[in-house]
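Architecture at a glance
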Amino acid sequence: MAMDERWMRQALEMAYRARDEGEVPVGAVVVKDGEIVGQGYNCPIVNSDPTAHAEVMALRDAALRLDNYRLPGCDLYVTLEPCLMCVGAMVHARIGKLVYGASDPRTGTIKSHPDIFKQEFLNHRIAVTPGILAAECGEMLSRFFRDKRV
């Protein structure tokens, strides 16, 4: 649990970068053998790219660093429950474990809506640990949207 919190704090640092660029503050890191091998944050507006979610950016970074689009033995830490697109990318990358912070009642596909990982058609299963630093991750998002409304 302590290691999960350590890596989630790194994902939170990435979320602060997204916030500072005016993006929805979601951050992610990919960890392999106790080392960050990929990191990313939400940047669809800045990049004019609808796929530039934190998870996808972190997976891309890890794939480039490891010179392999498959990421066996890697764990993904993200501050918000992933959407369907991001879950698909994780399955294709063969991520071993997903750890996320806050639940996403609108587009989350693990806890908030039927667990996509339980679908029989998927050819890869991913272990999931939800709720790591959930209050801190959720508060960052709440504050961001509260400030946008002002």
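Look up a bit, the structure's there.
Residues numbered from 1 in each chain as written. Predicted model: local features only at pLDDT ≥ 70, side-chain atom pairs only at ≥ 80, totals over all residues. Heavy atoms only, no water.

**Description of the packing of aromatic side chains**
- Counted by the stated rule, this structure contains one aromatic pair.
- Ring plane angle 80 degrees and centroid distance 5.1 Å describe the contact between F144 and F145, whose orientation is recorded as edge-to-face.
- Note on F145: relative accessible area 36%, which makes it partly exposed.
- Residue placement shows R6 over the ring face of W7; its charged tip is 4.3 Å from the ring centre. (Phe/Tyr/Trp six-rings, centres within 6.5 Å; stacked < 30°, edge-to-face > 60°. Buried < 20%, exposed > 50% of the residue type's maximum accessible area, 1.4 Å probe, protein only. Lys NZ or Arg CZ within 6 Å of the ring centre and 35° of its normal.)

**Comments concerning the pairing of strand 2 (residues 35–41)**
- Counting buried positions over the seven residues of strand 2 gives five, a clear majority of the element.
- Across six bridges, strand 1 (residues 27–32) lies against strand 2 in antiparallel orientation. Directly across from V29, in strand 2, lies its bridge partner Q39.
- Joining the antiparallel neighbours strand 1 and strand 2 is a turn of two residues, in which D33 adopts a positive phi near 50 degrees. (Helix = DSSP H or I, 4+ residues; strand = E, 2+ residues; numbered from the N terminus. Pairing = 2+ DSSP bridges.)

**Regarding helix 1 (residues 2–20)**
- Spanning 19 residues, helix 1 covers 27 Å between terminal C-alpha atoms, matching the ideal 27 Å at 1.5 Å per step.
- Among the residues making up helix 1, those that are buried are D4, W7, M8, A11, L12, M14, A15 and A18. Projected onto a plane normal to the axis of helix 1, the buried residues spread over an arc of 165 degrees and lie on a single side. The outward face of helix 1, more than 90 degrees from its buried face, is lined by the exposed residues A2 and D20. (Expected span 1.5 Å × (residues − 1). Arc of directions from axis to C-beta.)

**What to know about the nonpolar core**
- In terms of nonpolar packing, the biggest core is built from 50 residues, with M8, V30, L76, M90, I95, L98 and F117 touching the most fellow members.
- At the level of elements, helix 1, strand 1, strand 2, helix 3 (54–66), strand 3 (74–80), helix 4 (84–93), strand 4 (97–102) and helix 5 (134–149) are the ones that each hand at least two residues to this core.
- No other element matches the seven residues that helix 1 contributes to this core.
- The contacts of M90, once residues within four sequence positions are left out, are E55, L59, L76, P82, I95, L98 and I126. (Core = buried A, V, L, I, M, F, W, Y, C linked by side-chain atoms within 4.5 Å. Contact = heavy atoms within 4.5 Å.)

**Quick word on helix 4**
- Taken as a whole, helix 4 has its buried residues at C86, V87, M90, V91 and A93. Down the axis of helix 4, the buried side of the element spans an arc of 165 degrees, and every buried residue falls inside it. Opposite the buried face of helix 4, at more than 90 degrees from it, the exposed residues are L84 and H92.
- On its buried side, helix 4 packs onto helix 3, strand 3 and strand 4.
- Positive phi appears at R94, one or two residues downstream of helix 4, with a value of about 65 degrees.

**Things to note about the pattern of salt bridges**
- Using the criterion set out here, one finds seven salt bridges in the structure.
- A salt bridge links R9 to E136, with the nearest nitrogen and oxygen atoms 2.8 Å apart. On the criterion of sequence distance, the pair formed by R9 in helix 1 and E136 in helix 5 is long-range, its members being 127 residues apart.
- When its relative accessible area of 38% is taken as the criterion, R9 is described as partly exposed. (Salt bridge = Lys/Arg side-chain N within 4 Å of Asp/Glu carboxyl O.)

**Quick word on the state of the cysteines**
- Enumeration over the complete set of coordinates arrives at zero disulfides.
- Looking at C74, it has no disulfide partner, and the nearest cysteine sulfur is the one in C86, 16 Å off.
- Unpaired in terms of disulfides, C137 finds its nearest cysteine sulfur in C86, a separation of 15 Å. (Disulfide = S-S within 2.5 Å.)

**Some details on the environment of V91**
- Relative to the helices and strands, V91 is located in helix 4.
- The spacing of V91 and C43 is 48 residues in sequence and 22 Å in space, taken between C-alpha atoms.
- Leave out the neighbours within four places in its chain, and V91 touches F117, L122, N123, H124 and I126.

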